Structures are given as structure tokens and as C-alpha cells.
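Next come the chains, spelled out residue by residue.
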Amino acid sequence: MIVFSTFTKSSIALAVITLIHATPSQAQQREAKTAEKSNDIEVISVTSSRRIKSLTEVPMAVSAFDSLTLERANILDIEDVAGMTPGFTLSTYNPVTPQPYIRGVGTNSSSVGDDASVGVFIDDVYAGRAGGFRSDMFDIERVEVLRGPQGSLYGRNVAGGAISVITKDPTDFYEAKLKTTYGSDNLMQLQGMVSGAITDNINGRFAGTIRQRDAWVDNIATNMELRDQDNQSMRGKLDFRLSDNTKLMVIADYSKDDLHGPGARTIKNYTSVFGQAPTTGNAIDKVDMFKDGNAKREIYGISGNLTVEMSDILFTSITAFREQDYSFEDDLFGRYLAPAGLALTNDASENSKQITQEFRLQNLSNGPFEWTAGLYLFNEDIQRIEAWDSSIMYALQGHPELLSRPIWDATNDTTSYAIFGEGSYKINDHWNFTLGGRYTYDKKDFSNNATGAEDLLGFLQENYQVNAEKSWTSFTPKVTVNYFTNSQDMLYFTVSEGYKAGGYNGIAANKAMATTPFDQEKARNYEAGFKARLLDRQLSLNAAVYFLDYSDLQSFTTDLDTGDIRTATGDAEVKGLELDANARIGDGLRLFATLAFTDSEYTSFAIDPLVVGNTLARTPKKSGSAGFNYQWLLANSQTLDLRTDLTYQSRIYYSVNNDAVAAGNSHALLNANITWENLEGWEISVYGKNLTDKEYASHAFSQAGLGFVIEGEPRTFGISVAKMF
């Protein structure tokens, strides 16, 4: 059960901060702007090209979600965004280590020596570590998902694509909002925002959210309830107008999670292996585990974005510091394999600090040539202690005093810099040509002190202490040609490359493996697409076809038969088609749909040739979404807004060997939200997620013919009441 007093104290503090300086009249202005915004399918502007442009003008595959869509679709985090974006999947080993994949490219490891293949940026600041971005999405201006390699303008490790989260800026007029939600499993959430002028030259904005929810999974072994929610997030922004042409935006954010049993796993195929039903009876809300497990996370961040307009040149400097502390304990096998004498837990604690600095120059003229150039600096220090503990196996043999717990105490210091540039020339009213490139240097200083050899499962074959370092370099070019028709529809063709640095295995079995780096990833993408406005510009239709040639794709693999844990590399090819459509019918009805067909396969895999020909992990062949939004205009300027979304994903494999017992079956999820609001700033919403109560996997792995599955969230309902001031 939730400790109500803790929630109440935090809620009162957040409410008091939010209500200071609020006035009703600005709320009405805001609602009027929102209504105007929601009537236009072409209103979304994006900064995916580092310039503010309409989504229809950008010659790349981009999905964008504005603040109204995020709220009406009840999007809480990046995982919800994935379901509505073609070619984007996100699996969750536990909430502090999410695994985003775009077009089959991602990373399934959070080891100290690994990096992500999909870059996540928060207000133009790169979040280097897994879990450094999976916070509540409240008071967000826009989310952009860039599909395919973004090698020229974006930072490091964007071989698969990039996710850019843009939070709302301070306003020069006062506005505030309070929103409270109550839902299934005793969900209680309070969100607050206040924004306005502090002095003549300083505007400020503060936003915060508190969310708590009871657990919904029972551990029959410990009689504890697992998979709860307990999150606090806050963000402050100060906008300093230093002069007529100089502006400084200072942003600070904080987030904290404290979760019980987030990695609770059910069991599949148990009856086939053991000839009897499991103790949990195949229920998705019951598990049988020796340990409940936990996950804790704290994220801190501060950044300064300085912009100076110098005649026809805009200078931008973004300086940022981010720190993350997280820990988890995960019972991987539970008591399911106890009859075979097997048991295994995994726990880790990590601290990561990063400092980033980016300098950009770009022209502001309205001439035919647009250019952007810059320098990027990155330093990250990671300290991680991780253990793979099979000591329970001794207890099962009658020797609870014995330990089988290898521990890796590892550090990794990464230094990276890049110079980049991109220029676009308007040849005439129809043709544009863009050329860009980025040169990146990465160096990793790695150390590891491994103790506890030899363990029962052979994860650590010898104790060792190592120090190693290696550097990688890469030039990633981009060439784009796009054509505008007389009606301003666009066709484009682009060739781009992406890169991710190599690294070291932070949990290697022996000294030789620990000092052997794995190779860097390289991706080359060939893509053609169009963006059209049809039927008197009431229908927006975007499409892209692509071929992705991938070299040394890094995949984290575990073999319990040999105790071999490593980041293996292999080559792959991915071909796909992506569609994105929006239509406005009359004044109140909007229809939308996405569709992705993805054909992926490994073309080489050195450590296991049987993988060749398999589908890439976490890459469904088909995925998509469809829905509608209808708004009724009621008496006295009231509105009623209904939104329904259906998301679909075909069968997905969570391992490179495509083990069927741990695959995620195809499924469709139905969500709905209905909102009433008036011009006095009141808003009442009722929502439902997974309305058909579909059972599906959000993560899985296999061992000994069994599938260990983290189940997706069941059907939930909730009601929200909000007030704009």
C-alpha cells in the first residue's frame, strides 16, 4: 500500500509552488491557443535539422508529438511514444535500463563499457546512459523521433536514430496548472506547473510531478506485492534576456524512482519441460521468486544554453552536467528452476557523471544557402559494481554458508570530441541539395577488478585486475537531394551514415576477454521518401523506404552452458517501408495512422554462425497504430474531446538466436481518453489503457527450454482533474 502521508506532504508542497502568482485570464488565452492549434495538421514545427522548420519541410523520416497529443493520448514516457512511432520499439529489462530500438538498431546491454545505439537528447543535451531519460513526460513541448542514422548534426551514438525531448520554455505572462489523477491499483499522481516573468529580463518556469501506485503482481514465495510505481520528477527553467541579441536559458532537473520487484517474471512452457503446471498456475499477476528484487534511481541535471545573434550569424553554446545513480537487484530464474538445482540473481549499482559542451554557428540569412557548423565535447565517468549470484544453488544443495558470487568492480572514462557541419543549397524553387559530415573521436579508459572466481556457473573463470584503453575515429557523411512540387509536396533521397564507438566487456569471464575491445558499429542508410498534402491539404501522407547496411552490430549475449557473457558483433541488413498519415475531416474529426514493414536479418555473426539469417532482436516485421480524435463544441464555450488509439506489433524476438519460447507474440493494445474542458480553465479526463486486457510481453529471455517473461501492463483506468490559472 502507498504511504499516503508521504504523497500528501509532497503534493501540498508542489501545489503551493504552483499556485503562486496564478491568474485566470492567462489560462483562457492558453486554452484559446490550444484550440486553434488542434485544428491544423501542419502546425508542428521541429528542430531535427537544428533549425525551426515545419515537419513537412524536413527531408528525413521524423515523427513528432506536440504537447496536446502527449496529453490527450495519455503518454507518460518514451515507451508510450514507441507504440505510436513506425519502426520504433522499446523493451524494458527493468525501468532503470530501458532499451530503445529504431529500425532494428539498439543496445541490449547497460554494461560499464557499452553505449547506446539510439541517442536521447533532452533540451539538446545528450543523455549518455540507459535510464537517464525514462522520466515522466509532463510539461513537454514536443517529442521528436528521428529514424535512421543521424551522423552529421547530432552527437555520439546515433547509428539507429535519435529521440529529442523538448520541454516547455518560460513565458513572459503568468500561467499555472494543477492536475491530479486517480487510477487503477490506487494510482495517485499530482502534476503542477507555474510560469511567468520574474523581472523585466528574467522569465521562469517550474514543473513537477509525483506519482505513486500500488503493486499488481504477487510473489507467492515471499507474500510481497511487486511492480509498484513511486516517482518524483521536477524541472526548473530560467530565461535570461541579457541583451537584445543575447539570451541564456538555464535548466535544472531532478528525478527519483524507488521500485519494488520491477523485473518480476512469469514462466512459459513450464508444463512441457517439467510435466506439471507451475506453482503460479500460469497467472500473469503471480510469480514465484526467491527474491523480490528492486530498482532505485536518481537523476540530476543542469545545463546552460547561450544564444547570441551576430548580424547574420547565430552562435549557440550548450554546457551541461548530468549525473545518475541507480541500483537494481533482479531474480532471473526465481524458484522455477529449483527442481533442476538452478538459481541466479543479478544486481548492480552504478554512478555516472557526464559533462558536455557544444558550440554551434549557423547563418540566419534568407538566401539560398543555409549552413550549420560546430564542435562537440563529451566526457563521461562511470563506476559500476555488478554481481551474478548463484549462491542459492549451494543452499539448494544443503550448504547455505557457501557463496557463488563473482563481482566485477569496473570503471570507464570516455573522452570524445567531434567537429561537424551541414549545408543546404536551394538550387531553384524545386531542387535542394544538402551535404553534411561529422568527424568523431572516442577514447575509453577502462579498468576492472573481478573477484569471486570460480563460481558454479562459470561466469568468472579467474580473478583479475586489468587496465586498458583504446580509441576509435569515424567520419559519417550525409548527402540529401530533395524536390518540391508546384503544390509544395516533397520527394527526397538521402544517404547517411551513423557510428557508435567500440568498448569493453564489463563482466568478462577472464583477463584476456576483459582486455579485448569489441569493434565500433557503422551503419549506412539509403532512403527515399515523400511528404505530401492531398485533398485540399486536409490529408497529410508521409512515406519512406530504406535499406540499412550495418557492420559490427553489437549484441549482448549470455550462454549459461559455458558461462560466456560477451558483447558480440555481427553484420546485418535491414529493409523497410514506413507510412504516416493524418487527416482532418470537418472541423472536429482527425484521423491518424502509422505503419511499418521491416525485413531484417543477420548476415554474419562470428561467435555463432547459426544466427545468420535470423531476424534482428526486438524488430517486429510489422507494427503500426491507428486512431481518431473528435472534438464536440458544447454550449458556453465548453468542449468534449475523445481520442482513441490502437497500437499493433507483430511477433518479436528478444534474442539473436530467435528463441521462440521467449518471443513476444503479436498483439494490439487499445487506449482511449475523453476530456471535458471550459474557458475557465477546468479540465476533467477519463482514460483507459489496454482496454481489452491483452496479455503481452514487454521483455523476455529463455533458459533450459523455459521462457522468463516480464508481462506488459494489464487494463487500467483513471480519472484526472486539472485547473489552469
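Residues numbered from 1 in each chain as written. Predicted model: local features only at pLDDT ≥ 70, side-chain atom pairs only at ≥ 80, totals over all residues. Heavy atoms only, no water.

Engineer: Before we move on, can you summarise the packing of aromatic side chains with the specific residues and values?
Structural biologist: Two aromatic rings are characterised by how far apart their centres lie and by the angle between their planes. For the coordinates displayed, the defined rule picks out 18 aromatic pairs. For the ring pair Y417 and Y441, a centre distance of 5.0 Å and an interplane angle of 25° mean the geometry is stacked. Of the two residues, Y417 sits in strand β24 (residues 407-426) while Y441 sits in strand β25 (residues 431-451), which places them 24 residues apart along the sequence. When the centroid spacing of 5.1 Å and the interplanar angle of 15° are considered together, the rings of F701 and F708 count as stacked. Within the aromatic cluster, the residues linked to one another by ring pairs are F121, Y126, Y154 and F378. Sitting above the plane of the Y546 ring, R103 keeps its charged end 3.9 Å from the centroid. We note K723 situated over the ring of F725; from NZ or CZ to the ring centre the distance is 4.7 Å. (Phe/Tyr/Trp six-rings, centres within 6.5 Å; stacked < 30°, edge-to-face > 60°. Helix = DSSP H or I, 4+ residues; strand = E, 2+ residues; numbered from the N terminus. Lys NZ or Arg CZ within 6 Å of the ring centre and 35° of its normal.)

Engineer: A description of the environment of T619 should follow, citing residues and the corresponding values.
Structural biologist: Structurally, the position occupied by T619 is in the loop between β31 (589-605) and β32 (622-633). Along the backbone, T619 and R651 are 32 residues apart, and their C-alpha atoms lie at a distance of 8.6 Å. Apart from the residues within four sequence positions on either side, T619 is in contact with G104, T598, S600 and I652. Only 3.4 Å separates the side chain of T619 from the backbone oxygen of L616, close enough to count as a polar contact. (Contact = heavy atoms within 4.5 Å. Polar contact = N/O pair within 3.5 Å; in protein donor to acceptor, adjacent residues only side chain to side chain.)

Engineer: For the environment of L238, give the residues involved together with the corresponding values.
Structural biologist: Relative to the elements of secondary structure, L238 occurs in strand β16 (residues 229-243). On a C-alpha basis, the gap between L238 and G204 in space is 4.5 Å, while along the polypeptide they are 34 residues apart. Once residues within four sequence positions are removed from consideration, L238 is found in contact with I198, I202, N203, G204, L248, M249 and V250.

Engineer: I'd like a rundown of the nonpolar core, residues and numbers included.
Structural biologist: Grouped together as the largest cluster of nonpolar side chains are 47 residues, with contacts concentrated most on W388, W408 and Y464. Of all the secondary structure elements, the ones that give two or more residues to this core are β21 (313-331), β23 (369-389), α6 (391-396), β24, β25, β26 (464-484), α7 (511-514) and β37 (706-711). If one sorts the elements of this core by residue count, β26 sits on top with three residues. L70, A73, V81 and A82 belong to the second largest nonpolar core, which has 19 residues in total. (Core = buried A, V, L, I, M, F, W, Y, C linked by side-chain atoms within 4.5 Å. Buried < 20%, exposed > 50% of the residue type's maximum accessible area, 1.4 Å probe, protein only.)

Engineer: Explain the sheet that holds strand β8 (residues 125-126) residue by residue, including any values.
Structural biologist: Reading across the sheet, the five strands line up as β3-β9-β10-β7-β8 and stay open at both edges, with mixed pairing between neighbours. Here the strands that pair on one side only, and so sit at the sheet edges, are β3 (62-66) and β8. With two bridges connecting them, strand β7 (residues 118-122) and β8 associate as antiparallel partners. In the strand pairing of β8, F121 is matched with Y126. (Pairing = 2+ DSSP bridges.)

Engineer: An account of the sheet that holds strand β5 (residues 98-102) is requested, with residue identities and associated values reported.
Structural biologist: Within the open sheet, the three strands sit side by side as β4-β5-β6. Their pairing is antiparallel. Only two strands of the sheet have a single partner each, and these edge strands are β4 (88-92) and β6 (105-106). The pairing of β4 with β5 spans five bridges and is antiparallel. What sits directly across from T92, in β5, is P98.

Engineer: Pulling in residues and values, what's your account of the environment of S63?
Structural biologist: By secondary structure assignment, the location of S63 is in strand β3. A distance of 2.6 Å separates a polar atom in the side chain of S63 from a polar atom in the side chain of R147.

Engineer: Describe unusual backbone geometry, listing the residues and the values that go with them.
Structural biologist: Backbone torsion omega between A453 and E454 reads -15°, so that peptide bond is classified as cis. Unlike most non-glycine residues, R537 shows phi in positive territory, near 65°. Tracing the sequence through the fold places R537 in the loop between β28 (521-534) and β29 (539-559). Relative accessible area serves as the criterion here: at 33%, R537 is assigned to the partly exposed category. A positive phi angle is found at N658, which is not glycine, with a value near 55°.

Engineer: I'd like to hear about a nonpolar patch on the surface, residue by residue, with values.
Structural biologist: Where nonpolar side chains cluster on the molecular surface, the patch consists of F369, Y425, I427, W431, F433, L435, V479 and V481 and spans about 700 Å² of accessible area. At the level of elements, β25 and β26 are the ones that each hand at least two residues to the nonpolar patch. If one sorts the elements of the nonpolar patch by residue count, β25 sits on top with three residues. Within the secondary structure, W431 sits in strand β25. (Patch = residues over 30% accessible without salt bridge, like charges linked within 9 Å, V, L, I, M, F, W, Y side chains within 5 Å. Areas by Shrake-Rupley, 256 points an atom, 1.4 Å probe, with all protein chains shown as cover. Salt bridge = Lys/Arg side-chain N within 4 Å of Asp/Glu carboxyl O.)

Engineer: Please give an account of the pattern of salt bridges that cites residues and values.
Structural biologist: Any two side chains of opposite charge can pair if their charged atoms end up close together. Throughout the structure, instances matching the rule amount to 42 salt bridges. A salt bridge links D257 to R297; the nearest nitrogen and oxygen atoms lie 2.7 Å apart. On the criterion of sequence distance, the pair formed by D257 in strand β17 (residues 246-260) and R297 in strand β20 (residues 294-310) is long-range, its members being 40 residues apart. The exposure class of D257 is buried, given its relative accessible area of 7%. R297 gets classed as buried once you look at its relative accessible area, which sits at 3%. Of the charged contacts in the structure, one is a salt bridge between K443 and E469, with a shortest N-O distance of 3.8 Å. One end of the pair, K443, is in strand β25; the other, E469, is in strand β26, and 26 residues separate them in sequence. Judged by relative accessible area, K443 falls into the partly exposed class, the value being 25%. Classification of E469 as exposed rests on a relative accessible area of 51%.

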